[in-house]
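What follows is the residue order along each chain.
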Amino acid sequence: MNGWDAAGKTAHTGEEHWLLHNNRSYVMYSSPDRVVSRDNGRFGKASVNHLFNGPFARIRDTELTFCDGISGGARFEMPHIVLYFCLAGQFILEENELVVDAANFLAFRSADLRNVRFQPGLYNRIITVEIYPEQMKGLGSNGLQEMLPNLPASGSFFSTHKLSPVLKSILQQLIHCPYPAPVRELYMEGKLLELLAVYFNETVYQQEIIPAGSLRLSRQDINSLQQARQILDQNFIMPPTLAGLAKMICLNEFKLKNGFKQVFGQTVHSYVVDRRLELATQLFAEKKLNIGEVASYIGYSNASYFALAFRKKNGVSPSEYLSERE
């Protein structure tokens, strides 16, 4: 169904997405098995691209631009956890006093999402990951089974978390999947599991004062390591040396090297490489630079080394990635 339709009809997918304009409710329908585009000059423009429909999760890519300041919401019938990643723009949950933007993502479990405020004329791109805990119980993955207790079983909650470079990178890979069906489904399911692993690690295990492992870290140590990550986020093209970074955060090199891997799940070097390759993917999407220029821009003096790192991360070479996007 195209366009925005007046409320009063029942959404056939078990959920209902709506807008409130001039005190009147309007419903937007989306089908789980196809792309639905909407363009209505009265409210603005919107499109929904269904990236993945699996046995325990669904991923959607939604683009929204409204002419006027407008509020909206959703109602869900099936119990599930929802992650909203706002890659562009901003929206506000007025009832919960939460701001979701390119720096913070939203996690919630509730049958109702209300009073979501969008700014007029602002382009929004939102990746929605819906997780169904009941469907996860029958799967054979031991890792997923161990994570289930961390998903709230009842009630409702709303929380925001920092959108880390690692999560951003995975989201970009979900959007720009290089493979055709049926390989695409396998790739998307693998990336979904990777996203969930990072989500659980960052929102559950990194909250511990002493993370699992042989190295004991104080709260101050963890604060210093988080400061190190912030420094790398701002200087990943020309990062400081390990010794220089250790001095900046007042930790010795041993605790920096081992603590960083323990808390963030990767070495300082691999973190920097991931940030660079994430930027490379964005530059390719903008189609403003060629491969050699992108390699140089993100700090690689040798284009061949850049190509090897890109293939290791994304499964295809830069040239293959670009040709598959054309």
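Computed from a prediction, not measured in an experiment: that's the story for all the values here.

This part is about the pairing of strand 10 (residues 98-101). As paired strands, strand 9 (residues 90-93) and strand 10 are joined by four bridges and run antiparallel to one another. Of the residues in strand 10, the one forming a bridge with Gln90 is Asp101. A loop of four residues connects strand 9 with strand 10, the two strands running antiparallel in sequence, and Glu97 in this loop sits at a positive phi of about 55°.

A separate point is the nonpolar core. Among the nonpolar cores identified, the biggest contains 62 residues, and Ile59, Leu83, Phe85, Leu192, Leu195, Leu225 and Phe306 are the most heavily contacted of them. Per-element accounting of this core gives the leading share, nine residues, to helix 8 (residues 268-286). Every residue in contact with Phe85, bar those within four places of it in the chain, is listed here: Phe105, Arg125, Ile126, Ile127, Val129, Leu163, Leu167, Leu171 and Leu195. Counting residues in each nonpolar core, the second largest holds 22 residues, with Tyr26, Phe76, Phe91 and Ile126 among its members.

In this section: the packing of aromatic side chains. Evaluated as defined, the whole model comprises 17 aromatic pairs. Ring centres of Phe91 and Phe118 lie 5.8 Å apart, and the angle between their planes is 40°; on these two criteria the pair is classed as tilted. Taken as a pair, Phe91 in strand 9 and Phe118 in strand 12 (residues 112-118) lie far apart in primary sequence, 27 residues in all. Taken as a pair, Phe91 and Phe118 share a single burial class, namely buried. An aromatic cluster is present here, built from Phe66, Tyr84, Phe91, Phe108, Phe118 and Phe158 joined pairwise through their rings. Across the ring face of Tyr300, the terminal group of Arg276 is positioned such that the distance to the ring centre comes to 5.6 Å.

About the cut-offs
Residues numbered from 1 in each chain as written. Predicted model: local features only at pLDDT ≥ 70, side-chain atom pairs only at ≥ 80, totals over all residues. Heavy atoms only, no water. Pairing = 2+ DSSP bridges. Helix = DSSP H or I, 4+ residues; strand = E, 2+ residues; numbered from the N terminus. Core = buried A, V, L, I, M, F, W, Y, C linked by side-chain atoms within 4.5 Å. Buried < 20%, exposed > 50% of the residue type's maximum accessible area, 1.4 Å probe, protein only. Contact = heavy atoms within 4.5 Å. Phe/Tyr/Trp six-rings, centres within 6.5 Å; stacked < 30°, edge-to-face > 60°. Lys NZ or Arg CZ within 6 Å of the ring centre and 35° of its normal.

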